[in-house]
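# Overview (structure and organization)
Spelled out from the first residue to the last, the chains are:
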Amino acid sequence: MKPRHKRFALIVGGLAILALVATLVLNAFQSNLVFFFSPTQVAAGEAPKGKSFRIGGMVKEGSLQRSADGVTLRFVVTDTDKEMTVAYKGILPDLFREGKGVVAQGKLGDDGVFVAGEVLAKHDENYMPPEAAKAVGDAHERAAANRAAADAAARTLKP
């Protein structure tokens, strides 16, 4: 084999190995990629069906329900615009509280209940996950815009 052919074979072999490594890395990245959605986005149908994703917001006051076994529970996550029921079986983080920020990872069930495999809670009284804080802020802005539009419509209807 000529030296030129040997160099060509090495280059082709190196490119093949590089392509294989890139494919494996991208496949691993894709399978571990988890997106965040607010309850409003889930209600609008933006969340993937049958795939794992994260939902976050505030735990609605008075919504925590524990089963008799002590580890199966349901609670409601809200972004102040929409609400999503979450079912979880396991031990909750020590800092999990009603009225506080939470992010849950899992899948949306056929009945519309989010089945969580993991629940993450805030770590101090001032913290809320950035995604959840943005979702709550967006919901507050939408609510304020809706109130302003309703007030304007009411003023135009008055004689």
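Everything discussed here concerns the structure shown above.
The sections below set out a description of the structure shown in this document. (Residues numbered from 1 in each chain as written. Predicted model: local features only at pLDDT ≥ 70, side-chain atom pairs only at ≥ 80, totals over all residues. Heavy atoms only, no water.)

Before going further, it helps to examine the pairing of strand S7 (residues 114–121). Both strand S5 (residues 83–89) and S7 contribute to a ladder of three bridges, which runs parallel. Bridging across to S7, Ala 87 finds its partner in Val 115. Taken together, the seven bridges between strand S6 (residues 101–108) and S7 define a ladder with antiparallel strand orientation. For Leu 108, the partnering residue across the bridge sits in S7 and is Phe 114. Taken together, S6 and the strand that follows it, S7, pair antiparallel across an intervening segment of five residues, in which Gly 112 is found at a positive phi of about 85°. (Pairing = 2+ DSSP bridges. Helix = DSSP H or I, 4+ residues; strand = E, 2+ residues; numbered from the N terminus.)

Moving on, we get to the packing of aromatic side chains. Under the counting rule described, the total for this entry stands at three aromatic pairs. Relative to Phe 53, the ring of Phe 37 lies with its centre 5.4 Å away and its plane at 90°, an arrangement referred to as edge-to-face. Of the two residues, Phe 37 sits in strand S1 (residues 36–37) while Phe 53 sits in strand S2 (residues 53–59), which places them 16 residues apart along the sequence. For Phe 53, a relative accessible area of 0% corresponds to the buried category. Judged by centre distance (5.0 Å) and plane angle (65°), the rings of Phe 75 and Phe 96 are edge-to-face. Of this pair, Phe 75 sits in strand S4 (residues 72–78) while Phe 96 sits in the loop between S5 and S6, and the two are 21 residues apart along the sequence. What links up through ring pairs into an aromatic cluster is the set Phe 37, Phe 53 and Phe 114. (Phe/Tyr/Trp six-rings, centres within 6.5 Å; stacked < 30°, edge-to-face > 60°. Buried < 20%, exposed > 50% of the residue type's maximum accessible area, 1.4 Å probe, protein only.)

With that settled, consider a nonpolar patch on the surface. Where nonpolar side chains cluster on the molecular surface, the patch consists of Ile 11, Leu 15 and Leu 18 and spans about 320 Å² of accessible area. With respect to the helices, strands and loops of the structure, Leu 15 is situated in helix H1 (residues 3–31). On the accessibility criterion, Leu 15 (53% relative accessible area) is exposed. (Patch = residues over 30% accessible without salt bridge, like charges linked within 9 Å, V, L, I, M, F, W, Y side chains within 5 Å. Areas by Shrake-Rupley, 256 points an atom, 1.4 Å probe, with all protein chains shown as cover. Salt bridge = Lys/Arg side-chain N within 4 Å of Asp/Glu carboxyl O.)

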